[in-house]
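The residues making up each chain are set out below.
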Amino acid sequence: GQFVKAAEAKTDFYSQSLHYGYSVFEGIRSYRTAAGDTKIFRATDHFERLKNSAAAINMPYQWTTTELVEATYEVLRLNNLQDAYIRPVVYAPANMSFAPNKESHIFIAVWEMAPFLGEKLLRVMTSSFQRPNPGAYKIHAKATGHYVNSVIASQEAKAKGYDEALLLDMHGYVAEGPGAYLFFEKEGNLYTPPPVNILPGITRATVFELCRHFEIPVEEKLFTIEELKTADAVFYCGTAAEVIGWESLDDHPFNKNWNDSLGAIIQKAYKNLVIDKPIEEPSLQH
Ligand code: PMP
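Everything numeric in this text was worked out from a predicted model, so none of it was measured. (Residues numbered from 1 in each chain as written. Predicted model: local features only at pLDDT ≥ 70, side-chain atom pairs only at ≥ 80, totals over all residues. Heavy atoms only, no water.)

Draft legend 1. Fine view of the pattern of salt bridges. Taken as a whole and assessed by the stated rule, the structure comprises 13 salt bridges. One network of salt bridges, with partners in common, ties together Arg-42, Asp-45 and Glu-209. (Salt bridge = Lys/Arg side-chain N within 4 Å of Asp/Glu carboxyl O.)

Spelled out as C-alpha cells, the structure:
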C-alpha cells in the first residue's frame, strides 16, 4: 500500500521466493495514446493472469484487479511515465521450508523499456534447451522459477552470435521463444503452436483478434523445425517484444520480404492498437 523509491524498498533475505524461485509476475506495457493519455494495454487481462498464476502455484492473493490497476496508474503518474514497462511481482514471505504461506507480498515496478528484442529482423537459433515439461510445472503460471529456462536459452543463443533462441517442447515440436510467441506465414495463412506447452497468451490473443479483423486465416497446429524452415515469413510477439519479424532460423533465411508479409500488417496494426489509433486497412491480396 506504499509508494517507495526502488532503491529504498526492502525485502526479506529469507523470502521463499528468492531461494526457490517461488513467485509469480507479469510483464505489462503502458503507452501514451494518440490522444495524449496514459493507457495500460490490456491491464485487466494481465492482472487476471497474475491472479491465476498465483492460484496455480498455491500462493495467497489478497488483491483485486481493480485496485492493482489503479495502483499501477498511480505508480506511472508518480514516475512521470507514459510509455513504460510494468512489472508486478507477487512474492513469498520468509520461509525456508517448502510449506505454504499465510500471506504474500506484491510490488509493482515501472521503467522505460525499448522493444525487448530490438526493432531489427531477428537471427534466431534453435535452442539446445527444451521448454519445461508441463507434467513438471504449472506451465500456464507465469512463475519466476520457470524463467531460468528462458534465461539460459537466451544466453546460449546470444553467446553463439544470434539475437534470440527458439525452444521446442519435450516432443520436439516448436513451442515458443524465451519470452515471446511465434507465428509463421505459409501460402497466405498464419500458423502458431496450440496453447499446450506455452504460456496462455495476451499478445497471442491480440494477434488472433487482428487476424479476425483483417480476415487473415490463422490456425493452431503442432509443427517441427523442418516445417518452420519452409515458412514464407516468421515473427515473434509478446508484450515486451511487441511484433518483430525474423530474418533467419539457424542461418536459414526466409524468402518473403518482411514488409510484404502478413506479420508486417499485424505489426503495424498492433502499434496503432496499443495507442488507441484507428487501424489502417492494408490492401490484402488474398
Ligand atoms: N511466452 C513467454 C514464455 C513469455 O514469458 C511471454 C512474456 N510474458 C510471452 C510468451 C508473451 O506474453 P504476453 O504477450 O502474453 O505477455
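Draft legend 2. Spatial organisation of the environment of Ser-15. Inspection of the secondary structure assignment puts Ser-15 in the segment before helix 1 (16-20). For Ser-15, the residues in contact, after removing those within four places along its chain, are Tyr-91, Ala-92, Pro-93, Ala-94 and Met-96. Within the structure, Ser-15 has its side chain in polar contact with the backbone nitrogen of Ser-17 (distance 3.1 Å). (Helix = DSSP H or I, 4+ residues; strand = E, 2+ residues; numbered from the N terminus. Contact = heavy atoms within 4.5 Å. Polar contact = N/O pair within 3.5 Å; in protein donor to acceptor, adjacent residues only side chain to side chain.)

Draft legend 3. Layout of the environment of Lys-158. Here Lys-158 lies in helix 4 (residues 147-159). Taking relative accessible area as the criterion, Lys-158 reaches 46% and is therefore assigned partly exposed. Separated by 34 residues in the primary sequence, Lys-158 and Val-124 have C-alpha atoms spaced 9.4 Å apart. Here Lys-158 is in contact with Asp-163 and Glu-164, once residues within four sequence places are set aside. (Buried < 20%, exposed > 50% of the residue type's maximum accessible area, 1.4 Å probe, protein only.)

Draft legend 4. Local environment of the site of the ligand. Contacts to the ligand come from 16 residues, most closely from Lys-142, Tyr-147, Glu-176, Thr-203 and Thr-239. Side-chain polar atom of Lys-142 to a nitrogen atom of the ligand: 2.7 Å apart, as the coordinates give it. Between the ligand and the protein, one listed contact pairs an oxygen atom with a backbone N or O atom of Ile-202 at 2.7 Å. Contact with the protein chains hides 96% of the accessible area of the ligand, taken as 390 Å² for the molecule alone. By residue class, the composition of the shell around the ligand is 6 nonpolar, 6 polar and 4 charged. (Near = heavy atom within 4 Å. Areas by Shrake-Rupley, 256 points an atom, 1.4 Å probe, with all protein chains shown as cover. Nonpolar A, V, L, I, M, F, W, Y, C, P; charged D, E, K, R; others polar.)

Draft legend 5. A look at the nonpolar core. Phe-183, Val-207, Ile-216, Phe-235, Cys-237, Ile-266 and Tyr-270 are the most contacted members of the largest nonpolar core, which totals 29 residues. Among the elements of the structure, strand 4 (84-91), strand 9 (181-186), helix 5 (202-214), strand 12 (233-238) and helix 7 (262-274) are those that each provide at least two residues to this core. Dropping the residues within four chain positions of it, Ile-266 is found in contact with Val-207, Leu-210, Cys-211, Ile-216, Phe-235 and Val-243. Ala-43, Met-59, Leu-68 and Val-110 belong to the second largest nonpolar core, which has 26 residues in total. (Core = buried A, V, L, I, M, F, W, Y, C linked by side-chain atoms within 4.5 Å.)

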